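Next come the chains, spelled out residue by residue.
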Amino acid sequence: NHFASNMDEGVKATVKKIPLLSTNAGPRDADLWVKRLKEEYAALIKYVQINKEADNDWFQLESNKTGTRWTGKCWYIYNFRKYEFDLEFDVPVTYPTTAPELQLPELEGLTEKMYRGGKICLTVHFKPLWAKNVPHFGIAHALALGLAPWLAAEVPHLVDTGKLLHKEESTKQEQ
């Protein structure tokens, strides 16, 4: 079984629906990288479809022409309020052996579960799971297994401890 036993069942079920990738190529691999990017886009499109069907649309993402720099937005609904964040990451030169480091720059310094630059700290289960699944896991898998659980754990904690205010609240405080 590819999935950690303590992983949320919903996450497991979703990840199983995301297509696995087959091309073992990174940004330095020229033509093979183009092939890998096509697989990445196909998996991301499928993941977005899965999320929309489950009424769980939670990110928007696009890449530069070479597929090495990705930017977008991600959001999390907590207590009926939407908390939206900028999302960015670079594809490491050692990809897909090394997973991308997902960044939410505006949350930098708000939680211990984050490195400099707003890079999220993934669970201890993520890296071994990623390593076991090279080259089959891609960006969609990193979002499903890394960012989604991180947001689910951290956003409620940050809101409940007063470290993260909803846009409406932060606007009121500035006036």
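Worth saying up front: this structure is predicted, and the values here are computed from it rather than measured. (Residues numbered from 1 in each chain as written. Predicted model: local features only at pLDDT ≥ 70, side-chain atom pairs only at ≥ 80, totals over all residues. Heavy atoms only, no water.)

Draft legend 1. Quick look at the environment of Y41. Secondary-structure assignment places Y41 in helix α2 (residues 30-53). Taking the C-alpha atoms as reference points, Y41 and Y95, 54 residues apart in sequence, are found 15 Å from one another. Aside from chain neighbours lying at most four places away, what touches Y41 is S63 and W70. (Helix = DSSP H or I, 4+ residues; strand = E, 2+ residues; numbered from the N terminus. Contact = heavy atoms within 4.5 Å.)

Draft legend 2. Layout of the packing of aromatic side chains. Here the structure, examined in full by the defined rule, presents nine aromatic pairs. For the ring pair W33 and Y95, a centre distance of 6.1 Å and an interplane angle of 90° mean the geometry is edge-to-face. Separated by 62 residues along the polypeptide, W33 in helix α2 and Y95 in the loop between β3 (81-90) and β4 (114-115) bring together distant segments of the chain. Comparing W33 with Y95, the two get one shared label, buried. Between Y47 and W58, the ring centres sit 6.4 Å apart and the planes meet at 75°, which makes this aromatic pair edge-to-face. You can see Y47 sitting in helix α2 and its partner W58 sitting in the loop between α2 and β1 (59-63), a full 11 residues away along the chain. Owing to a relative accessible area of 2%, Y47 belongs among the buried residues under this scheme. One aromatic cluster is present, formed by W33, Y95, F126, W130 and F137 through successive ring pairs. Directly above the aromatic system of W75 lies the positively charged group of K82, at a separation of 4.6 Å from the ring centroid. (Phe/Tyr/Trp six-rings, centres within 6.5 Å; stacked < 30°, edge-to-face > 60°. Buried < 20%, exposed > 50% of the residue type's maximum accessible area, 1.4 Å probe, protein only. Lys NZ or Arg CZ within 6 Å of the ring centre and 35° of its normal.)

Draft legend 3. Quick look at the side chain of H141. Within the element layout of this structure, H141 appears in helix α4 (residues 139-160). By relative accessible area, H141 is classed as buried at 0%. There is a polar contact of 2.9 Å between the side chain of H141 and the backbone nitrogen of G138. Setting aside anything within four residues of it in sequence, one finds H141 in contact with V15, I18, P19, L20, L21, H136 and G146. (Polar contact = N/O pair within 3.5 Å; in protein donor to acceptor, adjacent residues only side chain to side chain.)

Draft legend 4. Representation of the sheet that holds β3 within the structure. Pairing is antiparallel across the open sheet formed by three strands, whose spatial order is β1-β2-β3. Taken across any chain shown, the strands that pair with only one partner, and hence form the sheet edges, are β1 and β3. Mean inter-strand twist for the sheet, computed between neighbouring axes without regard to direction, equals 10°. The sheet contact formed by strand β2 (residues 69-78) and β3 spans 10 bridges and is antiparallel. Bridge pairing in β3 places T71 opposite E88. Contacting β1 and β2, α2 runs over the sheet at an angle of about 165° to β1. Docked against the sheet, α4 engages β1, β2 and β3, running at close to 45° with respect to β2. (Pairing = 2+ DSSP bridges. Axes fitted to C-alpha atoms, helices over the stretch in contact; angles between N-to-C directions.)

Draft legend 5. Here's a closer look at the layout of surface pockets. The calculated volume of the largest pocket comes to roughly 780 Å³. In this structure, the largest pocket is lined by 34 residues; those nearest its centre are V11, A148, P149, W150 and A152. For the lining of the largest pocket, the secondary-structure elements that each account for two or more residues are α1 (9-17), α2, β2, α3 (126-132) and α4. No other element matches α4, which puts 10 residues into the lining of the largest pocket. By volume, the second largest pocket amounts to about 260 Å³. Taken together, 15 residues line the second largest pocket, and the ones lying closest to its centre are A99, E101, L122, F126 and K127. Sort the elements by how many residues they give to the lining of the second largest pocket and α3 lands first, with four residues. Looking at the lining of the second largest pocket, its residues break down into 11 nonpolar, two polar and two charged. (1 Å grid on protein atoms, 1.4 Å probe; cavity = no way out; pocket = protein on both sides within 12 Å on 5 of 7 lines; lining within 4 Å. Points joined across faces, edges and corners; volume = space filled by probe spheres on them. Nonpolar A, V, L, I, M, F, W, Y, C, P; charged D, E, K, R; others polar.)

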